[in-house]
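# Observations on the three-dimensional arrangement
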4 protein chains.
Amino acid sequence: MPDEPLYGAGLWHFGQFRDRYATDGYGPPVTTLEAIDRAGQVGDLSVVDINYPFNPADTDVDALQQRLRANGLRAIALTPEIYTRTFCRGGFTNPDPGIRRQAIELVSDAADLARRLGCDYVKLWPGQDGWDYPFQADYREIWKLSIDAVRELAQRHPDLRFAIEYKPREPRNRMTFSSAARTLLAIDEMEVPNVGILLDFGHSLYGLESPAEAAGMILARDKLYAIDVNDNFRGWDDDMVVGSVHLVETFEFFHTLQQAGWNGVWQLDQFPFREDHVEAARAGIDVMRTIWRALQILDVKALAEAQSRQDALAAQRIARSALLGAERGETR
Amino acid sequence: MPDEPLYGAGLWHFGQFRDRYATDGYGPPVTTLEAIDRAGQVGDLSVVDINYPFNPADTDVDALQQRLRANGLRAIALTPEIYTRTFCRGGFTNPDPGIRRQAIELVSDAADLARRLGCDYVKLWPGQDGWDYPFQADYREIWKLSIDAVRELAQRHPDLRFAIEYKPREPRNRMTFSSAARTLLAIDEMEVPNVGILLDFGHSLYGLESPAEAAGMILARDKLYAIDVNDNFRGWDDDMVVGSVHLVETFEFFHTLQQAGWNGVWQLDQFPFREDHVEAARAGIDVMRTIWRALQILDVKALAEAQSRQDALAAQRIARSALLGAERGETR
Amino acid sequence: MPDEPLYGAGLWHFGQFRDRYATDGYGPPVTTLEAIDRAGQVGDLSVVDINYPFNPADTDVDALQQRLRANGLRAIALTPEIYTRTFCRGGFTNPDPGIRRQAIELVSDAADLARRLGCDYVKLWPGQDGWDYPFQADYREIWKLSIDAVRELAQRHPDLRFAIEYKPREPRNRMTFSSAARTLLAIDEMEVPNVGILLDFGHSLYGLESPAEAAGMILARDKLYAIDVNDNFRGWDDDMVVGSVHLVETFEFFHTLQQAGWNGVWQLDQFPFREDHVEAARAGIDVMRTIWRALQILDVKALAEAQSRQDALAAQRIARSALLGAERGETR
Amino acid sequence: MPDEPLYGAGLWHFGQFRDRYATDGYGPPVTTLEAIDRAGQVGDLSVVDINYPFNPADTDVDALQQRLRANGLRAIALTPEIYTRTFCRGGFTNPDPGIRRQAIELVSDAADLARRLGCDYVKLWPGQDGWDYPFQADYREIWKLSIDAVRELAQRHPDLRFAIEYKPREPRNRMTFSSAARTLLAIDEMEVPNVGILLDFGHSLYGLESPAEAAGMILARDKLYAIDVNDNFRGWDDDMVVGSVHLVETFEFFHTLQQAGWNGVWQLDQFPFREDHVEAARAGIDVMRTIWRALQILDVKALAEAQSRQDALAAQRIARSALLGAERGETR
């Protein structure tokens, strides 16, 4: 039996959540170091994706590295926060060139630090880059600014990889990098070799994609740098625990990755607003483990044969049999 | 020509917005008194719906009353904040009976103050009452707790009116009072005379209702205590400026109110995250004024005749003609 | 171990499907008698819900009864087709009173026949009753006509039960009986004892309800006459095979029925446009059997305890454990 | 003042509609020649897009050409019906290579005829090409088959243009060419110069795109061969009359086309199931005319200035002023 994948999580999973109603937060503030300790408590995490700047901003990098090691963790990525108040009218696409510059420099600083921390990639999630109202924006200009900023960053840090996490909307009503296909088109226009995609399963799901298909399209162009998993009700980025709603499609998603020989980290991006953060991570990993076991017993050959006939009933039966049999711990 | 309606706004329209990304807020903090001043600057607002507790909590009530008067405003309602950290796992339906009691008492305190301020109603928006995950809740228990709490409040304050603002979801993935019909069923079960509904146009729209139809159903049972208007893209409560997307259905909504002889306040519930708060309110009022003028020139008789034949083309033509002619300031 | 439920299906599951593109049908025409034979081939169906008029309309009733018996089937219900060309601008709510009368009489004829066939209920699915455009309809009139028609039918046939199948939309853009709560309000207004609800899982799902919760609300009022199951992607009534997308929520739905002691038929309403009709029914039954087994091993007490704390993680773990363990055929 | 655009319509607008409930059709059958006469009655149509094969299939081409001329019409395009029963499990992507070949040959025949009729393009709408169920398909194979088929057709008919009409779903639960970006990626892979896009406003709208933005992206790559307009409630392809719901975004869409100097036909793709076909077309043209007038008075310079600041309130005010002033027939 092959080795289990490595599991990871966005460090924000262990931080304080707010929203526009519970403005005082779903729980007390959490420092970056405290969040690392919580991640360590999960017991099965190997890597974390860390928001930058740290909380507090003057957190010592060596102390952070040590704290990661003490918890058996590694920083797989940094996520520069180009979506806070300063950037609320846009990061890369802010109408103010000074703010755009600030966004690029913040990412560049994060890139320097990512290099020092030995990260696999810098994550770009330009959540404030897009538009809210019909007629508000010159869309071609927004597109161009988005592409130019990422290209500049990729060229300034040719030794690093930048992973764009696309998302249909939120916080902006519409985001520039909103789908796998749009992001691939943008990457084509950038003409740099070190920009790829982080596919968030939930974003894909509520963006009307079939996540497994979107993954396949990105893999075919060799641009799948990372993945995040979670779940939702297909209307919004609910960031629920993996598999709590869409077990079948989550299974299909990981099957696609496995068939392509992709061996990156299986990473959580959950927002357990009202749940214990450590237990929620354990629950997500528990589901991913079940899926991993299901992949071991999945009759891949029979499935491929059914798919060659586009036989939905047979394909579903084969998949369900593996999924529901995964608890038995069988191997083929 | 009849008098124009009174215009109002939720006071939060002029406060600080946060969300789960811009956790430092879309702009600096705003006190309740400062927000009142901003509301006053709009120039056309007569009433405001005020969050309770005030910000800061020890704001003097007399000072507040005076500040309202100084700005030509009146408190039409108080909205007790039963959705902050304390209540994040539920207000009326929290699994902890102590928190449930706290939620009821907070509303009761707000009711006492609403009486003192001469408000028209106390608004109930139990945004944390519902569920997030399949299997999480005993739905009948959640339903019963929601109803019992509102009934208790209505009975303790028989001289006041309580308006439930229903909403499909957010912050909970699913809310108890999620639609006009569900809320009417709940009110039936309460068997008290002083509970009604605040219909938020946007909530109705993204909840798959036809807002004008929902208003008609509530009006037929004499339970329409208040309305809020705004706009969205039908997938989420975007709280955009009135009429920025759905001019036609907003017009139909106000037409229904007018035909029923409803003469309450035309009230804004917009969240101008990235816009000037005062200008956004003026924009909303500007659109409502256009609609009000359109109502004056709408050929109500021809419309009713077209509707008796369910003639969509004729009805739309009549409505559009009034809407697009409203700028001319004609009267019939 | 308790007895397995009876399984049933809408007979249309075995007929010819059309849509607005494949206007020549997804396969050749199928008579009512042929469809009964196909239903018989499934092997596990006990009852069918039959469209009326039959195809062809002059199908002999005795021959039909015999054909049912020969296939081990019974007619659980008739579904009068009040949504074909004659009724395309409305059945109960058609602007033409003559057509409204025709719709009522067609249902009344179906009721007479249902009595003769020993059906459990007459199904009402007024799919053409609603509206398409803003401003098109006098909503209160549409509501009244819908209620009056059903009341009249219930009063003319006091010995029979009428089950309204609600649905958010399709073929009308918006339907009158669009949700559980709206239909319960309508039934209240009818003031007759023999009108209830057929809850279609898929309609509930894409209507933004939690199907288990909707079932609970209907059960609490003793109005759940029947259920249909299928699956979809939450945006439309895709009528896919049961459990192909939403295994967890389908399980929750049946758990709610079982806890309430509801012991009606587990009935399929699938549209296998491109699949073998008999095999698709078998697939649906196979999933329902898995769920039935999962119900036997579900730790109901632990689940209730978790729900009393609204503990999503624990409740999901308990449910998932039963679902994924169902293949082992364990009993508690 | 510049000339008004030419108006067009899909000829199906004037045919018989069916769906899965009114299987006997929303009205009687209509031949191709009869539909042409109805299109002629509209009075303002210059071109039609005609389904192929004709109804009946042996309709004489010269007779058809003459009938078009007699009605003042020209065939702007042919739409080969690669979505009827034969192709219900896929046209270009059918698991049966024989059916795939049939689909390609049907389109090729249509191309030959389009050449003879002097059409501007052949429309490709592979509505049955996609998938329904998770796990059903080898997505990469579906993608490849879709691209190979279109490339072959483009190479066999290098003198003609082929316009792909993308659509998120229906009749398939998920379609291959589902968005502007995906279709552009596919066209890139085809490496032929004569394949472009027909953008259907409604498809874009319910596919979570901003239609004006999608148009801009296609225009930037010089691939906008044609457009269709209609309206919907953002959840499904309702094919309602233009502007009946989304006046503002329809206006923005045409503004984008005008600013880009695009001067193609403004074409209707409405399905007036329950309305008079001719009157519904007139209604659509009436709205388009209003929008055209609004474009003449739109303060383009002020709008561009507002957009350069991404000032939603100003941009909306400028746009609304033109839209609501369009009835006055002013010019700038």
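What this report covers is the structure whose coordinates are included nearby. In this text the structure is predicted, and so the values were computed from the model without any measurement. (Residues numbered from 1 in each chain as written. Chains lettered and ligands numbered in written order. Predicted model: local features only at pLDDT ≥ 70, side-chain atom pairs only at ≥ 80, totals over all residues. Heavy atoms only, no water.)

### Examining the packing of aromatic side chains
Taken as a whole and judged by the stated rule, the model has 62 aromatic pairs over all chains. Geometrically, the ring pair formed by Tyr83 of chain A and Trp125 of chain A is edge-to-face, given 5.1 Å between the ring centres and 65° between the ring planes. Of this pair, Tyr83 of chain A sits in the loop between strand 3 (74-80) and helix 3 (97-117) while Trp125 of chain A sits in the loop between strand 4 (121-124) and strand 5 (130-131), and the two are 42 residues apart along the sequence. Taken individually, Tyr83 of chain A and Trp125 of chain A each receive the classification buried, so the pair is uniform in this respect. Their ring planes at 55° and their centres at 5.3 Å tell us that Phe17 of chain C and Phe273 of chain C sit as a pair that is tilted. Placement of Phe17 of chain C in the loop between strand 1 (7-10) and helix 1 (32-42) and of Phe273 of chain C in the loop between strand 10 (266-268) and helix 9 (277-297) is noted, with a sequence separation of 256 residues between them. Phe273 of chain C carries the same exposure label as Phe17 of chain C, and that label is buried. Put simply, the rings of Tyr7, Phe201, Phe253, Phe254 and Trp266 of chain A pair up and form one aromatic cluster. A cation sits over an aromatic face here: Arg174 of chain A above Phe233 of chain B, 4.6 Å from the ring centre. (Phe/Tyr/Trp six-rings, centres within 6.5 Å; stacked < 30°, edge-to-face > 60°. Helix = DSSP H or I, 4+ residues; strand = E, 2+ residues; numbered from the N terminus. Buried < 20%, exposed > 50% of the residue type's maximum accessible area, 1.4 Å probe, protein only. Lys NZ or Arg CZ within 6 Å of the ring centre and 35° of its normal.)

### Here we look at the relation of the copies chain A and chain B
Here the two chain copies are tied together by a rotation about an axis and a shift along that axis. The two copies are related by a screw operation: chain A maps onto chain B through 180° of rotation and 0.0 Å of translation along the axis, at an RMSD of 0.0 Å. With respect to symmetry, the two chain copies, as superposed, fit the operation of a two-fold axis. Closest approach to the rotation axis among the C-alpha atoms of chain A is made by Asp19 of chain A, whose C-alpha sits 2.1 Å away. Here 100% of the interface residues in chain A have copies in chain B that are interface residues too; the copies meet face to matching face. (Least-squares fit on C-alpha atoms with pLDDT ≥ 70 in both. Contact = heavy atoms within 4.5 Å.)

### Side note on the environment of Tyr166 of chain D
Residues and elements named next belong to chain D. One can find Tyr166 in the loop between strand 6 (162-165) and strand 7 (174-175). Overall, Tyr166 belongs to the buried group, its relative accessible area being 1%. Taking the C-alpha atoms as reference points, Tyr166 and Gly130, separated by 36 residues in sequence, lie 12 Å from one another. Of note is the side chain of Tyr166, whose polar atom sits 2.7 Å from the side chain of Glu209. (Polar contact = N/O pair within 3.5 Å; in protein donor to acceptor, adjacent residues only side chain to side chain.)

### A short note on the sheet that holds strand 1 (residues 7-10) of chain A
Residues and elements named next belong to chain A. Strand order in the open sheet made by the eight strands is 9-8-6-4-3-2-1-10, with parallel pairing throughout. The sheet terminates laterally at strand 9 (224-228) and strand 10 (266-268), the two strands that pair on one side only. Between one strand and the next, the sheet's axes are offset by a mean angle of 30°, whatever the strand orientation. Each of strand 6 (162-165) and strand 8 (195-200) touches helix 5 (residues 180-190); the most contacted strand, strand 8, lies at about 170° to it. This element, helix 9 (residues 277-297), spans strand 1, strand 2 (45-52) and strand 10 of the sheet and lies at about 155° to strand 10. (Pairing = 2+ DSSP bridges. Axes fitted to C-alpha atoms, helices over the stretch in contact; angles between N-to-C directions.)

### A closer look at the pairing of strand 1 of chain C
Residues and elements named next belong to chain C. Residues Tyr7 and Ala9 line one face of strand 1 and the alternating positions Gly8 and Gly10 line the opposite face, and both faces are buried. Pairing analysis gives four bridges linking strand 1 to strand 2 (residues 45-52), with the strands arranged parallel. Note on strand 2: the bridge partner recorded for Gly8 is Val47. With helix 1 bridging strand 1 and the parallel strand 2, this β-α-β connection has right-handed handedness. Where strand 1 and strand 10 come together, three bridges link them in parallel fashion. Directly across from Gly8, in strand 10, lies its bridge partner Gln267. (Right-handed = clockwise from strand over helix to strand, strands pointing away.)

### Here we look at the interface of chain D and chain A
At the interface, 50 residues of chain D touch 49 residues of chain A. The interface formed by chain D and chain A includes six salt bridges. Ionic pairing is found between Arg140 of chain A and Glu213 of chain D, a salt bridge with its closest N-O pair at 3.4 Å. At the junction of chain D with chain A, the criterion picks out 24 residue pairs in polar contact (both at pLDDT 80 or more). Counting residues per element, the ones that place at least two in the side of chain D that touches chain A are helix 4 (139-156), helix 5 (180-190), helix 7 (211-220), helix 8 (247-259), helix 10 (300-308) and helix 11 (312-325) of chain D. In terms of residue class, the side of chain D that touches chain A is made up of 24 nonpolar, eleven polar and 15 charged. (Salt bridge = Lys/Arg side-chain N within 4 Å of Asp/Glu carboxyl O. Nonpolar A, V, L, I, M, F, W, Y, C, P; charged D, E, K, R; others polar.)

### Describing the pairing of strand 8 (residues 195-200) of chain D
All names here are of chain D. With six of six residues buried, strand 8 lies mostly within the body of the structure. Here strand 6 pairs with strand 8 via four bridges, running parallel. Directly across from Ile164, in strand 8, lies its bridge partner Ile197. Where strand 8 meets strand 9 (residues 224-228), four bridges bridge the pair, whose relative direction is parallel. Of the residues in strand 9, the one forming a bridge with Leu198 is Ala226.

### Examining the interface of chain A and chain B
Between chain A and chain B, the residue contacts involve 45 residues of the former and 45 residues of the latter. Here Asp239 of chain A makes a salt bridge to Arg20 of chain B, at a shortest N to O gap of 2.8 Å. In this structure, the connection of chain A to chain B is made through 28 residue pairs in polar contact (both at pLDDT 80 or more).

### Let's talk about the sheet that holds strand 6 of chain D
Residues and elements named next belong to chain D. Strand order in the open sheet made by the eight strands is 9-8-6-4-3-2-1-10, with parallel pairing throughout. Two strands close off the open sheet at either side, each with one partner strand: strand 9 and strand 10 (266-268). Neighbour-to-neighbour, the strand axes of the sheet open up by a mean angle of 30°, direction not taken into account. On the sheet, helix 8 packs against strand 8, strand 9 and strand 10 and is oriented at approximately 155° with respect to strand 9.

### A short note on the pattern of salt bridges
Under the definition given, this model contains 124 salt bridges over all chains. Between Arg309 of chain C and Glu305 of chain C there is a salt bridge whose closest N-O contact spans 2.9 Å. Residue classification places Arg309 of chain C among the partly exposed residues on the basis of a relative accessible area of 35%. One salt bridge in this structure joins Arg234 of chain D and Glu249 of chain D, with 2.5 Å as the shortest N-O distance. Of this pair, Arg234 of chain D sits in the loop between strand 9 and helix 8 while Glu249 of chain D is found in helix 8, placing the two residues 15 residues apart along the sequence. Each member of the pair, Arg234 of chain D together with Glu249 of chain D, is buried.

### Some details on helix 5 (residues 180-190) of chain C
All names here are of chain C. Within helix 5, nine of the eleven residues are buried, leaving the element largely enclosed by the surrounding structure. All of the buried residues in helix 5 are Ala180, Ala181, Arg182, Thr183, Leu184, Leu185, Ala186, Ile187 and Met190. Glu191 sits one or two residues past helix 5 and shows a positive phi near 55°.

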